[in-house]
Amino acid sequence: SDMLPTIRVLDPADGMKQFSYDGAINEVSVEKLQKFIEDFKAGNLVPFLKSEPVPETQEGPVHVLVGKSFQADVIDSDDDVLVKFYAPWCGHCKALAPAWEEVAAELKEVAGLKIAKFDATMNEADGVEIQGYPTLKFYKKGKKASPSSYEGGRTKDEIVAWLKENSEAAKHHFSAAKEEL
């Protein structure tokens with residue numbers, strides 16, 4: 001790949017975060033490497049995170065997240081975001097995919113709620129450690145650092161019902177819809 005050769009610090013004390021040397025490899029020197037290590041020790045470096053390119057457009061109802069867009073689209077967003085962290089080869093993920101699309105389609109009119117997916121084999125996000133696939137996490141607007149895990153059923157109706165209870169945006173949308181009837 002065009003990333004090689006590369007120099008990185010791996011930090012076993014912090015979830016094996018990686019920090020990439022961003023200088024030109026062909027101009028590397030002992031002094032530059034010492035500065036790189038000092039910057040690492042001082043906490044001045046941003047971890048290297050894998051990311052696919054940010055999608056130019058969002059094609060379907062499910063919002064596609066990548067490493068580079070996670071901060072803006074989830075952490076800094078004013079929306080509630082329900083994220084499916086998945087691996088393309090995972091059978092349970094494939095089984096969940098149609099219901100996930102249906103949930104997103106049914107809730108696409110709900111202002112302030114995103115149904116999203118994140119290919120965790122191709123992308124990384126700071127502070128996100130996934131133990132198994134699929135992992136479903138709900139990032140409540142304003143409480144982004146501490147998402148709750150979705151442990152409920154995997155059908156469209158079960159997921160939608162859970163969001164109606166746990167997402168203020170969904171609650172608001174459906175109570176307003178009832179008043180119009």
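Conventions adopted
Residues numbered from 1 in each chain as written. Predicted model: local features only at pLDDT ≥ 70, side-chain atom pairs only at ≥ 80, totals over all residues. Heavy atoms only, no water. Pairing = 2+ DSSP bridges. Helix = DSSP H or I, 4+ residues; strand = E, 2+ residues; numbered from the N terminus. Contact = heavy atoms within 4.5 Å. Axes fitted to C-alpha atoms, helices over the stretch in contact; angles between N-to-C directions. Buried < 20%, exposed > 50% of the residue type's maximum accessible area, 1.4 Å probe, protein only. Salt bridge = Lys/Arg side-chain N within 4 Å of Asp/Glu carboxyl O. Parallel < 35°, antiparallel > 145°, perpendicular 65-115°, else oblique. Left-handed = near helix turned anticlockwise from the far one by under 90°. Nonpolar A, V, L, I, M, F, W, Y, C, P; charged D, E, K, R; others polar. Phe/Tyr/Trp six-rings, centres within 6.5 Å; stacked < 30°, edge-to-face > 60°.

Novice: Requested: an account of the sheet that holds strand β4 (residues 80-86), with residues and values cited.
Specialist: Strand order in the open sheet made by the five strands is β3-β5-β4-β6-β7, with mixed pairing throughout. Both edges of this open sheet fall to β3 (63-65) and β7 (148-149), since each of them pairs with a single strand only. With seven bridges connecting them, β4 and strand β5 (residues 113-119) associate as parallel partners. The residue of β5 that forms the bridge with Lys 84 is Lys 117. Sitting on the sheet, helix α2 (residues 67-75) touches β3, β4, β5 and β6 (135-139), and the angle it makes with β3 is about 125°. Strands β4, β5 and β6 of the sheet are contacted by helix α3 (residues 91-106), whose axis makes an angle of about 160° with β4.

Novice: Talk me through unusual backbone geometry; I want residue IDs and the actual numbers.
Specialist: Cis rather than trans, the peptide bond between Tyr 133 and Pro 134 has omega equal to -15°. By secondary structure assignment, the location of Pro 134 is in the loop between β5 and β6.

Novice: Residue-level account of the pairing of β6, with values.
Specialist: For β6, the buried fraction is high: five of the five residues fall into the buried class. Here β6 shows two buried faces, one formed by Thr 135, Lys 137 and Tyr 139 and the other by Leu 136 and Phe 138. Bridge count for β6 against β7 is two bridges, and the pairing is antiparallel. Residue pairing in the sheet places Lys 137 in a bridge with Ser 149 of β7.

Novice: How would you sum up the pattern of salt bridges? Please name residues and give values.
Specialist: All chains considered together, the criterion is met by six salt bridges. A salt bridge links Lys 35 to Asp 39; the nearest nitrogen and oxygen atoms lie 2.8 Å apart. On the criterion of helical spacing, the pair formed by Lys 35 and Asp 39 is a turn pair, its members being four residues apart in helix α1 (residues 30-41). By relative accessible area, Asp 39 is classed as buried at 19%. For Asp 79, the salt bridge goes to Lys 114, with nearest N and O atoms at 3.6 Å. One end of the pair, Asp 79, is in the loop between α2 and β4; the other, Lys 114, is in strand β5, with 35 residues separating them in the sequence. For the pair formed by Asp 79 and Lys 114, the shared burial category is buried. Put simply, Glu 106, Lys 156 and Asp 157 are held in one network by salt bridges that share partners.

Novice: Lay out the environment of Trp 162 in plain terms, naming residues and giving numbers.
Specialist: Relative to the elements of secondary structure, Trp 162 occurs in helix α4 (residues 156-166). For the pair Trp 162 and Leu 113, spaced 49 residues apart in sequence, the C-alpha separation works out to 13 Å. Each residue touching Trp 162, except ones within four places of it in the same chain, is listed here: Phe 138, Ser 148 and Tyr 150.

Novice: Tell me what's going on with the packing of α3 against α4, and back it up with residues and numbers.
Specialist: When two helices pack together, their arrangement is given by the angle between the helix axes and by the axis-to-axis distance. One way to put it is that α3 packs onto α4 with a least axis distance of 9 Å and a crossing angle of 45°. Classified by the interaxial angle, the pair formed by α3 and α4 is oblique. As α3 packs across α4, the resulting crossing turns out to be right-handed. Mapping the contact onto sequence places Leu 96, Ala 99, Trp 100, Glu 102, Val 103 and Glu 106 in α3 and Lys 156, Ile 159, Val 160 and Leu 163 in α4. Class assignment of the residues belonging to the contact of α3 with α4 gives a composition of seven nonpolar, no polar and three charged.

Novice: I'd like a description of the packing of aromatic side chains, backed by residues and values.
Specialist: Throughout the structure, instances matching the rule amount to nine aromatic pairs. Taken together, a centroid distance of 5.4 Å and an interplanar angle of 75° make the contact between Phe 70 and Phe 118 edge-to-face. Highlighted residues: Phe 70 in helix α2 and Phe 118 in strand β5, separated in sequence by 48 residues. For the pair shown, Phe 70 and Phe 118 are each scored as buried. Judged by centre distance (5.3 Å) and plane angle (65°), the rings of Phe 85 and Phe 118 are edge-to-face. In this pair, Phe 85 is assigned in strand β4 and Phe 118 in strand β5, connecting sequence segments 33 residues apart. Assessed through its relative accessible area of 0%, Phe 85 is described here as buried.

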